[in-house]
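An overview of the molecular structure
This is what each chain is made of:
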Amino acid sequence: MNDRLLLSCLGLASLAAIFAACFLGSTPMPPGRLFAAMVGAGSVGDHIVLWEIRLPRAIAAFIVGGALGLCGAALQGLLRNPLAEPGVLGVSAFSALGATLALFYGAAALSPFVLPLSAIAGALAATFFLAFAAIRNSSMVTLILIGIGLSSFAGALMALLLNLAPNPFSLSDLISWTLGSVANRSFADLALAGPFLGAGLIFIVMSGRGLTALSLGEEAAHGLGVNLRRTRMFVVIGTGLITGAAVSIAGAIGFVGIVAPHLIRPLVNHDPARTLAPAAFLGGILLVLADIGVRLIPTPSELRLGVLAALIGAPAFIWIASQRRTGS
Amino acid sequence: MVRQLIIIGLVLLAACAPRANTSDKDQTIAGRRIVSLDYCADQYVLKFANRNEIAGLSPDAEKIFSYMREEAAGLNKVRPRAEDVLLLNPDIVVRTYGGGPNAAAFFERAGIEVVQIGYAASLDDVKTVIQKAADDIGASEKGRAVVTKMETRLSNISKNPSGSNILYLTSKGAVAGTGTLIDELLTTAGMTNFQTRPGWNTLSLERLAHEQPDRIAASFFDTSDLVSDIWTPARHPIAQRQLARVPVTELPSAWTSCGAWFLVDVIEALAADQAALEQTIQ
């Protein structure tokens, strides 16, 4: 499929998904009223509901989904493994752990930037460890197992923090980081994560050519004049920055980074570089749709976005894993 | 059988153990020993037991959300673990939820009297719970005095005839609707609850975008260093604007963290703030 056409279709679908998400909320707002609020002609209340509640939430879901889709595509290209993804490899879990540590010890109160920086530090620690393991061990299965081990370790450390929760009030707050949500997010929250997302995006874009060359094998890539070390470093730093920023917005949300690139890959001839942008768009769309689902499913208390993403994504992960022919 | 042996073993261990290392050690040996398992129970123990009878309070007894935290200073603190509690040789264990669901049965099997503080769903319940707790702790007279004082203070509160509405909002974004004990506090203070949906719910930002309460009762905001939920709706710009724009009565967490006599402090504060506001308007 033509890249421009694919991106145009995904761009339109993204706008449609975000627009659809704006219809949902406790205030009944028919299309006319929503349009009026959009152009500033409606009541002040409607304007606030749209621009300060619904739109930031929908955009937060899109950005987080896009970030995870992009990171999934980049990690899969780097590790040449369709199961690589920030959630599966423990990057999201370490990022959530970093953020939780900052909250637990009160460091998050020092500056608004401490929280995203802590989440990014956690994500970078995990991605560097994975990159190091990938250099030492070329087995894809081993790498996934290391990632699952990392994820379990982060889970254990998180459980330790919950165990040591200083008072009855903070326990549920700490748990919320593992469940993931974009409810009550404001544009200020997004702005805080914005610089880190932007920086990470630059690193990933700069690694695109290297990822395409890597799909031919390390020797071929080297023969094409690609600096593999630089490519690895760019992907590791880029995914660390982006995943950390995404987690600082929404907590740990898994599996989006597997599903989105998997659906896109056949449309771009399995070219890792060409997968990046469409996977980001599709990841964003999927998470906006999941967030719509969260609000539509009639449960006593609103379902958490990360829970729904895992309920859909985990079976998809199993399916993709079972489709693989070789285990090396 | 094994369970019974474990209990017997723990009791024997407790009997062999030295007395707790408290500042009131000498006086405590002579009298009965009371241990409280959670911060709600702490309030009742501190109110109704003699100080030299208190062998242990919960680790939260001096936290900001504990009403009697000043009285708790200097007293022994114990985690609500069976072995730790048994080591203090208590005659009475007081609890609301501390020690987990099996705690009461465990301590009773170990021959320790368990005072279970009841749940209060209304102000009348609160009075009943207070009196029963005082009776069980052996301080009926003190209990009657507390209830009488509570009734006197309640009767002195002049209700606001205008019936202004008020939103009870916690730092975690929880709001109290009709049918809750908090709702009764608001109406007893002469106000109407802004939150008409029954029970406890999460703050609706969309409703706040369209409507504004006359007053906000902001509770638990003094525990912000203990609460790490940065995504609570209470910190959303819409809620923050309302908190800045609307008259706010700040309620210390210690006043509402347990259903006890100090709930009257909430009613008095709300009524006083409303009266002051109306006086300013006039």
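Residues numbered from 1 in each chain as written. Chains lettered and ligands numbered in written order. Predicted model: local features only at pLDDT ≥ 70, side-chain atom pairs only at ≥ 80, totals over all residues. Heavy atoms only, no water.

This brings us to the interface of chain B and chain A. Listed by partner, the interface residues are 25 residues for chain B and 35 residues for chain A. Counting every contact that joins chain B to chain A gives three salt bridges. Two residues, Asp 189 of chain A and Arg 235 of chain B, come together in a salt bridge whose shortest N-O distance is 2.8 Å. Inspection of the region where chain B meets chain A yields six residue pairs in polar contact (both at pLDDT 80 or more). Contributions of two or more residues to the side of chain B that touches chain A are made by α10 (205-210) and α11 (237-245) of chain B. For the side of chain B that touches chain A, the class distribution of residues is 13 nonpolar, five polar and seven charged. (Contact = heavy atoms within 4.5 Å. Salt bridge = Lys/Arg side-chain N within 4 Å of Asp/Glu carboxyl O. Polar contact = N/O pair within 3.5 Å; in protein donor to acceptor, adjacent residues only side chain to side chain. Helix = DSSP H or I, 4+ residues; strand = E, 2+ residues; numbered from the N terminus. Nonpolar A, V, L, I, M, F, W, Y, C, P; charged D, E, K, R; others polar.)

Here the focus is helix α9 (residues 181-188) of chain B. Residue and element names in this part refer to chain B. Among the eight residues in α9, six count as buried, and that is most of the element. Inspection of α9 places Leu 181, Ile 182, Asp 183, Leu 185, Leu 186 and Thr 188 among the buried residues, and these make up the whole buried set. Of the residues flanking the end of α9, it is Gly 190, one or two places downstream, whose phi is positive at about 90°. (Buried < 20%, exposed > 50% of the residue type's maximum accessible area, 1.4 Å probe, protein only.)

Together, Val 141, Leu 145 and Ile 148 of chain A make up a nonpolar patch on the protein surface, roughly 240 Å² of accessible area in all. Of note, Val 141 of chain A is situated in helix α6 (residues 140-163). (Patch = residues over 30% accessible without salt bridge, like charges linked within 9 Å, V, L, I, M, F, W, Y side chains within 5 Å. Areas by Shrake-Rupley, 256 points an atom, 1.4 Å probe, with all protein chains shown as cover.)

Attention now moves to the domain arrangement of chain B. Where the parts come together, the accessible area they lose is often given as the size of the interface. Residue and element names in this part refer to chain B. Assigned domains of chain B: these are domain 1 (2-117), domain 2 (120-156) and domain 3 (159-281). With twelve residues of domain 1 at the contact, the number on the domain 2 side is ten residues. Taken together, the two surfaces of domain 1 and domain 2 that pack against each other cover about 920 Å², and 69% of this comes from carbon and sulfur. Looking at the side of domain 1 facing domain 2, the largest losses of area belong to Tyr 44, Phe 48 and Val 115, adding up to 58% of the total buried there. The interface formed by domain 1 and domain 2 contains zero salt bridges. Counting across the interface, domain 1 meets domain 2 through two residue pairs in polar contact (both at pLDDT 80 or more). Of all the secondary-structure elements, those providing two or more residues to the side of domain 1 that touches domain 2 are α3 (39-48) and β4 (113-116). Residue contributions to the side of domain 1 that touches domain 2 peak at four residues, all from α3. (Domains from an automatic or database assignment. Buried area = accessible area lost by both parts, 1.4 Å probe.)

Residue and element names in this part refer to chain B. Using the criterion set out here, one finds one disulfide over all chains in the structure. One disulfide bridge connects Cys 40 with Cys 258, the sulfur atoms lying 1.9 Å from each other. Across the S-S bond linking Cys 40 and Cys 258, the dihedral sits near -100°, which makes this disulfide left-handed. With Cys 40 in helix α3 and Cys 258 in the loop between α12 (253-256) and α13 (263-281), this pair connects stretches of sequence that are 218 residues apart. Side by side, Cys 40 and Cys 258 carry an identical accessibility label, which is buried. (Disulfide = S-S within 2.5 Å.)

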